[in-house]
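# Descriptive analysis of the structure
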Amino acid sequence: MTKIKTGHSSIQGEKIMKNVNMNPDAKLSFLERFAYGIGDYAGNLIYSAISAFLLVYYTNVIGASAAAAASIIAISKFLDGISDLAMGYIVDHTHSKWGKARPWVLWSAPPLVISLIMIFTVPDLGANGKAIYLLLVYIFLAAVCFTASNLSYNTMLSLVTTEQHDRNVMNTIRFEFTMIAQLVINVITIPLVHFLGNGQRGWTCMSIVYAIVALGMFITTFAGTKERYKPIKKETTAKKKTHPLKTIKTLCRNKYFILITLAFAVIYTSLGLTGGSRIYYAKYVLGDEMLNSTMTMFNYI
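Below you will find a few notes about this structure. In this text the structure is predicted, and so the values were computed from the model without any measurement. (Residues numbered from 1 in each chain as written. Predicted model: local features only at pLDDT ≥ 70, side-chain atom pairs only at ≥ 80, totals over all residues. Heavy atoms only, no water.)

### Looking at the overall build of the chain
Condition: Only DSSP runs of H or I with at least four residues qualify as helices, and only runs of E with at least two residues qualify as strands; both kinds are numbered from the N terminus onward. Burial classes follow relative accessibility: with a 1.4 Å probe on protein chains only, a residue under 20% of its type's maximum area counts as buried, one over 50% as exposed, and anything between as partly exposed. The criterion used for residue contact is that any of the two residues' heavy atoms lie within 4.5 Å. Calculation of accessible area relied on Shrake-Rupley with a 1.4 Å probe; when residues are assessed, cover is drawn exclusively from the protein chains displayed.
Summing up its helical and strand segments, the chain has 10 helices and 2 strands in all. Going from the N terminus to the C terminus, the chain shows its helices and strands as β-α-α-α-α-α-α-α-β-α-α-α. A buried classification covers 43% of the 301 residues belonging to the chain. Considering only contacts within the chain whose residues lie at least 6 apart along the sequence, 83% involve residues at least 24 apart. Split by element, the accessible area of the chain, about 16,000 Å² in all, is 68% carbon and sulfur.

### Considering the pattern of salt bridges
Quick note on the threshold: Note on definitions: salt bridges are taken to be side-chain nitrogens of Lys or Arg within 4 Å of carboxyl oxygens of Asp or Glu.
For the structure shown, the criterion picks out 3 salt bridges. A salt bridge links D166 to R33; its shortest N-O distance comes to 2.4 Å. Here D166, found in helix α6 (residues 164-195), pairs with R33, found in helix α1 (residues 30-60); they are 133 residues apart in sequence, far enough to count as distant. Salt-bridge contacts for R174 lead to D40; the nearest nitrogen and oxygen are separated by 3.0 Å. Here D40 lies in helix α1 and R174 lies in helix α6, a separation of 134 residues in the sequence. The pair formed by R174 and D40 is uniform in burial state, with each residue classed as buried.

### As for the nonpolar core
Rule in force here: Among the buried residues, those of types Ala, Val, Leu, Ile, Met, Phe, Trp, Tyr and Cys that are joined through side-chain atoms within 4.5 Å form a nonpolar core.
Counting residues in hydrophobic clusters, the biggest one holds 61 residues, and the most contacted among them are Y58 and W203. When residues of this core are traced back to their parent elements, those giving at least two are α1, α2 (66-92), α4 (109-119), α5 (126-160), α6 and α7 (199-224). Once residues lying within four places of it in the same chain are set aside, the contact partners of W203 are F53, V56, Y57, V61, F120, T189, I190 and V193.

### So, α1
For the record, the criterion: What a helix should span is 1.5 Å times the count of its residues minus one.
When the terminal C-alpha atoms of α1 are compared, their 44 Å separation across 31 residues agrees well with the 45 Å that a helix rising 1.5 Å per residue should span. Among the 31 residues of α1, 25 are classified as buried, and the element is accordingly described as predominantly covered.

### Focus: α5
Where we set the bar: Bend, at a single residue, is the angle you get between axes fitted to the 7 residues ending at that residue and the 7 residues starting at it.
Given a rise of 1.5 Å per residue, 35 residues ought to cover 51 Å, and the 48 Å separating the end C-alpha atoms of α5 matches this to within 8%. Approximately 40° is the largest bend angle found in α5, and it occurs at F146.

### Comments concerning the side chain of T221
The residue T221 is located in helix α7 in this model. Setting aside residues no more than four positions away along its own chain, T221 makes contact with A35, Y36, I38, G39, V105, Y153 and M156.

### Structural notes on the environment of G39
Relative to the helices and strands, G39 is located in helix α1. Taking the C-alpha atoms as reference points, G39 and V105, 66 residues apart in sequence, are found 8.7 Å from one another. Ignoring anything within four residues of it in the chain, the contact list for G39 reads Y153, F218 and T221.

### Some thoughts on a nonpolar patch on the surface
Defined as follows: Patch definition: residues with relative accessible area over 30% and no salt bridge; like charges joined within 9 Å; nonpolar side chains (Val, Leu, Ile, Met, Phe, Trp, Tyr) joined within 5 Å.
On the surface, a nonpolar cluster with roughly 510 Å² of combined accessible area is contributed by L251, F257, I258, I260, L262 and F264. Ranked by residues supplied to the nonpolar patch, first place goes to helix α9 (residues 255-285) with 5 residues. In this fold, I258 is placed in helix α9.

### Things to note about unusual backbone geometry
Residues other than glycine seldom take positive phi values, yet N198 does so here, at roughly 60°. Take N198: it is sitting in the loop between α6 and α7. When its relative accessible area of 34% is taken as the criterion, N198 is described as partly exposed.

### As for the packing of α1 against α5
Angle between the axes and distance between the axes are the two parameters that describe a pair of packed helices. Worth spelling out the cut-off: Structural elements are reduced to axes, namely lines fitted to C-alpha atoms, with helices fitted over the stretch in contact, and the angle between N-to-C directions of any two is expressed from 0 to 180 degrees. Orientation is classified from the angle alone, with under 35 degrees giving roughly parallel, over 145 giving roughly antiparallel, 65 to 115 giving roughly perpendicular, and any other angle giving oblique. In a left-handed crossing the near helix is turned counterclockwise from the far helix by less than a right angle, and in a right-handed crossing that turn is clockwise. Classification convention: Asp, Glu, Lys, Arg as charged; Ala, Val, Leu, Ile, Met, Phe, Trp, Tyr, Cys, Pro as nonpolar; all other residues, Gly among them, as polar.
In the contact formed by α1 and α5, the axes pass within 11 Å of each other and the chain directions differ by 160°. The angle between α1 and α5 falls in the class roughly antiparallel. In the packing of α1 onto α5, the handedness of the crossing is left-handed. Together, E32, Y36, G37, G39, D40, G43, Y47, I50, L54 and Y58 of α1 and L134, Y138, L141, F146, Y153, N154, M156, L157 and V160 of α5 make up the contact between the two elements. Its residues placed into classes, the contact of α1 with α5 shows 13 nonpolar, 4 polar and 2 charged.

### Some points on the packing of aromatic side chains
Just so we agree on the cut-off: To pair, rings of Phe, Tyr and Trp, with the six-membered ring standing in for Trp, must have centres within 6.5 Å; the planes then decide the type, stacked if under 30 degrees apart, edge-to-face if over 60, and tilted in the middle. We count a charge as sitting over a ring when the NZ of a lysine or the CZ of an arginine lies within 6 Å of the ring centre and within 35 degrees of the ring normal.
Within this structure, the stated rule accounts for 13 aromatic pairs. Ring centres of Y41 and F177 lie 6.2 Å apart, and the angle between their planes is 80°; this geometry places the pair in the edge-to-face category. With Y41 in helix α1 and F177 in helix α6, this pair connects stretches of sequence that are 136 residues apart. Taken individually, Y41 and F177 each receive the classification buried, so the pair is uniform in this respect. Here the aromatic rings of Y57 and Y58 are separated by 6.2 Å at their centres, their planes lie at 50°, and the arrangement is tilted. When its relative accessible area of 0% is taken as the criterion, Y58 is described as buried. An aromatic cluster of three or more residues is present, and its members are F53, Y57, Y58, F120 and W203. A cation over a ring is seen here: R102 above F222, with NZ or CZ 4.2 Å from the ring centre. One residue, R174, lies across the ring of F175, its end atom 4.9 Å from the ring centre.

By themselves, these figures tell us nothing about what the structure is for.
This is the structure:
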């Protein structure tokens with residue numbers, strides 16, 4: 001599932017007032033829609049590889065305890081929420097010749113794919129050294145690089161076009177790529193690791209393959225799209241600022257906000273439990289971790 005970032009960016013909430021390069025009613029080409037959608041494949045290639053296989057790599061390959069691995073992920077998730085706010089502010093205050101959000105898709109891609117390789121290439125540093133390495137790399141990947149990439153990618157949609165039909169088509173294409181990426185990664189990863197040598201070598205080579213593919217797709221998204229519209233705020237005689245705590249209190253009183261938050265919590269928890277445990281079930285209950293691919297295919301069917 002696509003991880004949706006919701007940082008403190010006012011871009012999508014502002015009225016788009018200024019047309020930079022093109023008529024507001026202009027239709028996007030299929031190639032540009034495709035280029036935008038392929039970016040979600042790249043993001044999910046990395047996200048799915050980590051969410052489905054990182055825990056089994058930690059425990060079965062480098063010998064870390066499941067408790068230590070879970071603690072590392074939990075710490076990163078906490079910092080992830082903070083980094084969302086920071087990245088939203090950065091995107092809002094970015095002014096480049098490529099736009100606001102689009103350049104961050106390019107700039108965040110190299111460190112993101114490098115950190116993917118690093119997270120599946122843990123050096124022999126002893127138990128404590130491995131734990132510190134995993135913690136630092138995971139935080140860098142999830143709370144810094146992936147936040148920058150995914151938040152800016154999602155923000156791009158409001159800047160590429162204001163035409164509602166094009167937005168709907170682009171969203172449809174991107175979520176189709178999401179499902180394809182999740183299916184492909186869950187099906188081919190274990191066979192690919194075995195093909196590339198298994199053990200540490202297999203996991204490192206697998207991450208290199210995924211990193212190269214993801215980098216090419218991120219570059220395609222950047223090169224194949226254009227921010228046509230510049231959001232500007234309406235001029236007002238007096239600015240009325242709302243304290244963040246007041247906003248939070250208002251949200252907490254909204255029953256629909258609470259319901260949708262609980263729904264997302266249940267959905268992501270169930271996905272995490274089934275996705276992360278499937279490989280263990282195949283290996284230790286069914287006796288063959290290669291059956292994970294077959295189980296995944298039937299799950300998506």
